[in-house]
Amino acid sequence: MKKQIILADEILHEKIPSEFPGYKVESVDNLLDKIIVQMKFYEEELVRLNKVIEEKNSDIAVLEQKSSDYHAMFINKSAEIDKLTKERFSNSDFVKQSKQIDTLEKTMKQILEKLENK
């Protein structure tokens, strides 16, 4: 069942017939005037809040895109770090091997010198 919505302008333009005995027309008009003012406030507030919701949804979309971009950048940087780490380890291995070769060369020279001295 669809809920019937009444707007402030409908109340403003509604003509209520008077009968005897009934309510005092001025009192009913005053009450309706107050209701109309309050309803117009709520209608304007609803429009304003819907605009705020649209703006916030737009902000959310921008932030989600930035989040996605940052995530992609993080993945790329993480891959770069992994690559550099592997390169440094391999460079570190190269340095170790180079030191071992230097040590072997010194040892070989010492052995050759000892052999020559004998």
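Residues numbered from 1 in each chain as written. Predicted model: local features only at pLDDT ≥ 70, side-chain atom pairs only at ≥ 80, totals over all residues. Heavy atoms only, no water.

Asker: Which residues make up the overall build of the protein, and what are the values?
Answerer: Each helix and strand counted, the protein has two helices and zero strands in total. Taken against the 2.2 N^0.38 rule, which gives 13 Å for 118 residues, the C-alpha radius of gyration of the protein at 43 Å runs more than 25% over that of a compact globule. With respect to the principal axes defined by its C-alpha atoms, the protein has extents near 145 × 25 × 20 Å. Roughly 11800 Å² of accessible area belongs to the protein as shown, and the carbon and sulfur atoms make up 59% of that amount. Side chains of the protein carry 20 positive and 23 negative charges; the gap between the two charge centres is 12 Å. (Helix = DSSP H or I, 4+ residues; strand = E, 2+ residues; numbered from the N terminus. Rg over C-alpha atoms; globule rule 2.2 N^0.38 Å. Areas by Shrake-Rupley, 256 points an atom, 1.4 Å probe, with all protein chains shown as cover. Lys, Arg positive; Asp, Glu negative; His and termini not counted. Charge placed at Lys NZ, Arg CZ, Asp CG, Glu CD.)

Asker: I'd love a proper account of a nonpolar patch on the surface, names of residues and values included.
Answerer: A cluster of nonpolar side chains, contributed by Met108, Ile111, Leu112 and Leu115, occupies part of the molecular surface with about 410 Å² of accessible area. Checked against the element boundaries, Leu115 lands in helix H2 (residues 25–117). (Patch = residues over 30% accessible without salt bridge, like charges linked within 9 Å, V, L, I, M, F, W, Y side chains within 5 Å. Salt bridge = Lys/Arg side-chain N within 4 Å of Asp/Glu carboxyl O.)

Asker: Describe in detail the environment of Ala61, supporting the description with residues and values.
Answerer: Take Ala61: it is sitting in helix H2. Sequence separation between Ala61 and Ile5 is 56 residues; the distance between their C-alpha atoms is 32 Å.

Asker: How would you sum up the UniProt feature "coiled-coil region" (unreviewed entry) in the protein? Please name residues and give values.
Answerer: UniProt feature "coiled-coil region" (unreviewed entry): in the numbering of this structure it lies at residues 32–66. Secondary structure within residues 32–66 divides into 100% helix and 0% strand; the distance between the first and last C-alpha atoms comes to 50 Å. (UniProt positions renumbered as here; feature names shortened; annotations may be inferred.)

Asker: Any chance you could break down the pattern of salt bridges for me, citing the residues and the numbers?
Answerer: Taken as a whole and assessed by the stated rule, the structure comprises two salt bridges. Between Arg48 and Glu45 there is a salt bridge, with its nearest N and O atoms 2.7 Å apart. Here the residue Arg48 and the residue Glu45 both occupy positions in helix H2, the gap between them amounting to three residues, near one helical turn. Its relative accessible area of 43% is what places Arg48 among the partly exposed residues. Linking Lys77 and Glu80 is a salt bridge whose minimum nitrogen-to-oxygen distance equals 3.9 Å. Placement of the pair is Lys77 and Glu80 together in helix H2, with a separation of three residues, close to one helical turn. (Buried < 20%, exposed > 50% of the residue type's maximum accessible area, 1.4 Å probe, protein only.)

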